[in-house]
Amino acid sequence: MALELPDNVRITKLDAIANWCRKYSLWPMPFATACCGIELMATGASRNDIARFGAEVFRFSPRQADLMIVAGRVPIKMMPVLQRIWLQMHEPKWCISMGACASTGGVFDTYAVVQGIDRFIPVDIYVPGCPPRPEQLIQAIVDLQEKIQREGTVMGREFVDPERQKPPLAMRPEGRAGLPGVIASQPLDGEHFA
Amino acid sequence: MDVPGIVQLLQKEFPSLSWSEFRGQVRVCVSRDRLFLLLQTLKEQHGFDMLADITCVDYLYYLQKMPGRFGLVYVLTNTQTNQRIVVRTFLDEPELVAPSVTPLWEAANWLEREVWDMFGIRFAGHPDLRRILLPDGFTSHPLRKDYPLQGLGERNNFPVIRRAES
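Below is a short write-up of the structure. (Residues numbered from 1 in each chain as written. Chains lettered and ligands numbered in written order. Predicted model: local features only at pLDDT ≥ 70, side-chain atom pairs only at ≥ 80, totals over all residues. Heavy atoms only, no water.)

Below, the discussion takes up the overall build of chain A. Helix and strand counts for chain A come out as seven helices and four strands. Written out in order from the N terminus, the α and β elements of chain A read α-β-α-β-α-β-α-β-α-α-α. In chain A, buried positions account for 42% of the 194 residues. A fraction of 74% describes how many contacts in chain A between residues 6 or more apart in sequence connect residues 24 or more apart. (Helix = DSSP H or I, 4+ residues; strand = E, 2+ residues; numbered from the N terminus. Buried < 20%, exposed > 50% of the residue type's maximum accessible area, 1.4 Å probe, protein only. Contact = heavy atoms within 4.5 Å.)

For the rest of this paragraph, the subject is the sheet that holds strand E3 (residues 94-98) of chain A. All names here are of chain A. Read across the open sheet, the four strands follow the order E1-E2-E3-E4; overall the sheet is parallel. Taken across any chain shown, the strands that pair with only one partner, and hence form the sheet edges, are strand E1 (28-32) and strand E4 (125-127). Sheet twist, expressed as the average angle between the axes of neighbouring strands with direction ignored, equals 15°. As defined by bridge partners, strand E2 (residues 67-71) adjoins E3 across five bridges and the pair is classed as parallel. Residue pairing in the sheet places Ala 71 in a bridge with Met 98 of E3. Lying on the sheet, helix H3 (residues 79-88) is in contact with E1, E2 and E3; it crosses E2 at an angle near 165°. (Pairing = 2+ DSSP bridges. Axes fitted to C-alpha atoms, helices over the stretch in contact; angles between N-to-C directions.)

Here we take up H3 of chain A. Residues and elements named next belong to chain A. All of the buried residues in H3 are Met 79, Leu 82, Gln 83, Ile 85 and Trp 86. The buried residues of H3 all sit within an arc of 165° when viewed along its axis, so they share a single face. On its buried face, H3 is in contact with E1, E2 and E3. (Arc of directions from axis to C-beta.)

On to the side chain of Asp 117 of chain B. All names here are of chain B. For Asp 117, the position within the fold is in helix H3 (residues 108-119). The exposure class of Asp 117 is buried, given its relative accessible area of 0%. Among the polar contacts made by the side chain of Asp 117, one reaches the main-chain amide nitrogen of Ile 132 at a distance of 3.2 Å. Of note is the side chain of Asp 117, whose polar atom sits 2.7 Å from the backbone nitrogen of Leu 133. With residues up to four places along the chain from it excluded, the contact list for Asp 117 reads Arg 131, Ile 132, Leu 133, Leu 134, Ser 140, His 141 and Pro 142. (Polar contact = N/O pair within 3.5 Å; in protein donor to acceptor, adjacent residues only side chain to side chain.)

In the structure shown here, the tally under the stated rule is seven aromatic pairs over all chains. Here the aromatic rings of Trp 20 of chain A and Tyr 24 of chain A are separated by 6.5 Å at their centres, their planes lie at 90°, and the arrangement is edge-to-face. With a relative accessible area of 49%, Trp 20 of chain A lands in the partly exposed category. Relative to Phe 90 of chain B, the ring of Tyr 59 of chain B lies with its centre 5.8 Å away and its plane at 45°, an arrangement referred to as tilted. (Phe/Tyr/Trp six-rings, centres within 6.5 Å; stacked < 30°, edge-to-face > 60°.)

Structure (structure tokens):
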């Protein structure tokens, strides 16, 4: 039975149209702590113009943002702040780890610098570089748009996928064993520095 | 009067005072017991009215044998004559306590907190001796030479937030 539709009507899945809306209206929360933040600003400025990809509305309140861009190194004193801001963002939300420091700690292999934010908060896209060029960040946003279109759902079922609930390897006992300076007896989810 | 002249005057009052000069910079070394009195004398009688810095050096693996493990360094400036003098005192474990100079200079408040934070030296009489740079729950003093560069696991000790929980 063929349904006669006018030319200006399309049939699609609810998921697909929700993803289409979400991916072209990413509102970034710039968590810029270092020189990557300068490139982040350049990405927003007129030459590179992040608005071409629908992500130009930088919001400094996590309540109004759905994409966290962590640009720069995160010291141990900043990590509780980062986690709190991440928890304050509304779902659906995504995270881009921009630059070597946010992704791995970079050259700052010291007691004060967290060796990659993905050990403690979820990350969707990693951008290498020190700092990355604006084109790389734009590529990350395009990749994130593809990811949202591919696996997003209206009700956010992709966020409760059991595979995603596993902690990253670095935080599992087998992954932590070789880390320098790790005290095996220290609890991971208790008080900080308890 | 030039700074070596001032030091020679001081030596009458502080016989144990030793001093040296390097590229026009005068350093005096004093015992902890006479430290406060010496700084007070420098401030009130010789015009060294500005406390430029308080810092500390850990001589743990130093090639030369020093009188103590920690060298506590005070840098004073005379704002009238632009003269400078460096006062150093040595401390050793377990008694890592020095008199606070906050009664002489208000500026010493945060400087002493920084020395406490980084080296674990306490200042007797300090009004508010808390950590100033590191998080409150931090238990080590990371500028000590026996503290490992990569820490004691502090940077790995955070709760993990997963997708489903956030």
